[in-house]
Amino acid sequence: MRPLIVVVHTRARTEVLALILLLASGLFVAWRSTAHTLERAREPQRGGMISVVIGAEPLRLDPHDATDAPSALINFHLYDRLVELTPGGAIVPGLAESWTLSDDGKTYVFKLRENVRFHDGLPLTAAAVVANFERLLSPETALARADLIRPYVQSVAALDTYTVVIRLHQPVGSFLRLLAHEALGIVSPLSIRASQENRSFRPVGTGPFALYEWVPGDRVTLVAFQDHWRGAPRVPGLVFKPMPDGSSRAIALETGTADVAYPLDPVHMIRLRAFPEVEVRHAPSQRVIYAAFNLGRPPLDDVEIRRALNYAVDRDAIARHLLFGLARALDSPVAPSTWGHSPVLELPYDPQRALALLSEKGGIHRPLQLWSPSARYVQDRAVAEAIAGYWRAVGIDVNIRLFEWGTYLSLLSTSDQWDVAVLGWVPATGEADMALRPIYHSLARGNHSGYRSAVIDRLLDQAVATRDSRERLELYRQIQSQIALDAPVLFLHSPDLTYGYRSDIAGIRVYSTEIIDLRAVYRRERGG
């Protein structure tokens with residue numbers, strides 16, 4: 001497939017069209033800077049590009065319409081956000097250098113940084129930020145991430161060139177964290193206009209890297225944006241290469257054909273520790289791995305059957321053995337490292353209890369259709385096989401089907417021929433609302449189970465509107481307790497974030513929300 005060039009390219013026709021547009025808007029100097037940046041990416045440069053092998057192909061480089069983690073990783077480097085989270089979870093300025101909140105908790109006023117430009121040369125202004133929010137809020141759009149703000153935002157307006165006013169319907173305790181979500185990256189108004197006119201969306205932000213090319217199935221190449229407001233990156237660019245096979249990622253890191261590998265399978269981490277040229281790391285993540293029950297297919301609409309299926313699986317053994325201890329069995333619908341976590345789950349491994357419940361309910365008299373992605377999550381295929389083994393041990397027949405990630409997500413949305421689907425979720429805001437709402441709220445896109453609970457919907461809405469942290473924690477405890485009782489999913493584990501890099505690479509930062517931050521990455525001098 002021909003590479004998709006989506007930022008200013010140096011071929012003659014594209015240059016002429018871009019030049020006409022930018023001359024009309026007084027942005028010729030910025031355009032020349034960006035074009036020169038891209039041209040230099042073609043030339044050999046000291047240090048060279050940083051090669052990153054990742055587990056799956058990104059699906060969309062439109063942050064407002066992307067829901068998958070591989071897309072989030074790349075979008076994080078293409079787009080800046082109004083505010084950001086530190087790896088420790090603190091809220092810090094981003095494109096907004098300061099902000100105030102009204103006494104009633106419903107009006108935010110953001111002061112934008114001046115002299116910030118998009119990759120296409122346009123200046124960042126309050127009008128550009130308003131255009132982004134209006135795109136998400138418009139009832140005519142069906143963007144996947146619109147629900148992040150649509151329930152809460154009443155209006156967005158430009159007070160002056162660099163001041164944005166956001167008014168909420170009600171106080172929202174997690175609103176700043178929502179703004180730090182990588183899906184709320186600020187997109188160039190020209191890209192928004194193109195998508196509104198049914199032309200191809202151009203992934204253009206203000207981030208430290210700009211998109212050079214995307215060759216599906218092969219690579220996504222980003223080049224350093226020399227005019228970034230924080231200063232130019234210390235490397236000429238990043239090349240992300242999808243490599244679904246874990247062994248291949250480990251070999252690429254070992255041989256030096258990759259500078260960074262993410263994720264690494266636990267078994268390969270153990271082996272790679274023996275190589276002095278390689279550093280391997282792991283840290284607790286906020287991801288939960290679970291298997292959604294299709295509540296629309298009997299007998300999974302029976303809560304006692306769902307509890308029996310939970311009792312039948314030894315999640316501790318899966319975490320210890322299949323993931324080599326680099327995971328923790330879930331004690332809640334929320335990962336332990338997420339703000340708001342409460343250890344409420346009381347579904348221990350108890351095959352005898354599972355058998356008793358199944359007997360009381362008359363058993364399961366047809367094969368369960370267990371679906372799973374292959375090579376999307378660490379050891380996902382082995383985890384699916386282990387689940388099937390535990391269920392077969394209590395007399396349940398199971399058929400396993402494995403899928404490539406993109407195909408899997410599409411089929412889950414369009415097919416009802418599955419009973420159980422292995423999935424994962426990580427809350428990009430680092431707190432319980434984002435950990436729970438996208439999976440368990442009745443209206444959530446990610447509620448693959450079809451779980452409907454008026455109690456959970458009410459408590460989630462009450463918690464998000466509560467500003468007092470202690471009250472919110474209590475509400476989230478109640479929510480987690482009720483979900484654990486209803487067992488709409490098979491609760492499994494929270495895996496560690498596992499990654500590796502060559503020993504001459506430095507400047508990597510890691511977030512428990514599973515973002516590998518390469519914005520400040522650089523290559524050490526030999527012997528340095």
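This write-up is about the structure you can find in this document.

### Regarding the packing of aromatic side chains
A complete count under the given rule lists 13 aromatic pairs for this structure. With centroids separated by 4.8 Å and ring planes inclined at 55°, the aromatic side chains of tryptophan 371 and phenylalanine 403 adopt a geometry described as tilted. Taken together, the residues tryptophan 371 in strand 15 (residues 368-373) and phenylalanine 403 in strand 16 (residues 398-403) connect sequence positions 32 residues apart. The pair formed by tryptophan 371 and phenylalanine 403 is uniform in burial state, with each residue classed as buried. Between tryptophan 405 and tyrosine 408 the ring centres are 6.1 Å apart and the planes differ by 35°, which places this aromatic pair in the tilted class. Taken together, the residues span about one helical turn, with tryptophan 405 and tyrosine 408 both in helix 13 (residues 405-414) at a distance of three residues. For the pair tryptophan 405 and tyrosine 408, one class covers both residues: buried. Joined through ring pairs, the aromatic side chains of Trp371, Tyr377, Phe403, Trp405 and Tyr408 make up one cluster. Above the ring of tyrosine 522, the side-chain terminus of arginine 234 is found at 3.7 Å from the ring centroid.

### A look at the side chain of histidine 181
Structurally, the position occupied by histidine 181 is in the loop between helix 5 (175-179) and helix 6 (189-196). According to the relative accessible area criterion, histidine 181 is buried, its value standing at 2%. Within polar-contact distance, the side chain of histidine 181 engages the backbone nitrogen of alanine 183 at 3.0 Å. Sequence-distant contacts of histidine 181, that is, excluding residues within four places in its chain, are made with Arg81, Arg145, Leu148, Ala428, Thr429 and Met434.

### Some words on the sheet that holds strand 5 (residues 107-112)
The strands making up a sheet associate through backbone hydrogen bonding, with each pair oriented either parallel or antiparallel. Ordered in space as 4-5-7-6, the four strands form an open sheet in which the pairing is antiparallel. Here the strands that pair on one side only, and so sit at the sheet edges, are strand 4 (96-101) and strand 6 (153-160). Pairs of neighbouring strands in the sheet enclose a mean axial angle of 20°, with direction left out of account. Along the sheet face, helix 4 (residues 126-137) touches strand 5, strand 6 and strand 7 (163-168) and points at about 165° away from the line of strand 6.

### Notes on the environment of aspartate 301
Structurally, the position occupied by aspartate 301 is in the loop between strand 13 (288-293) and helix 9 (303-311). In sequence terms aspartate 301 and leucine 409 are 108 residues apart; their C-alpha atoms lie 22 Å from each other. Residues contacting aspartate 301, with those up to four places away along its chain left out, are Leu295 and Arg306.

What counts and how
Residues numbered from 1 in each chain as written. Predicted model: local features only at pLDDT ≥ 70, side-chain atom pairs only at ≥ 80, totals over all residues. Heavy atoms only, no water. Phe/Tyr/Trp six-rings, centres within 6.5 Å; stacked < 30°, edge-to-face > 60°. Helix = DSSP H or I, 4+ residues; strand = E, 2+ residues; numbered from the N terminus. Buried < 20%, exposed > 50% of the residue type's maximum accessible area, 1.4 Å probe, protein only. Lys NZ or Arg CZ within 6 Å of the ring centre and 35° of its normal. Polar contact = N/O pair within 3.5 Å; in protein donor to acceptor, adjacent residues only side chain to side chain. Contact = heavy atoms within 4.5 Å. Pairing = 2+ DSSP bridges. Axes fitted to C-alpha atoms, helices over the stretch in contact; angles between N-to-C directions.

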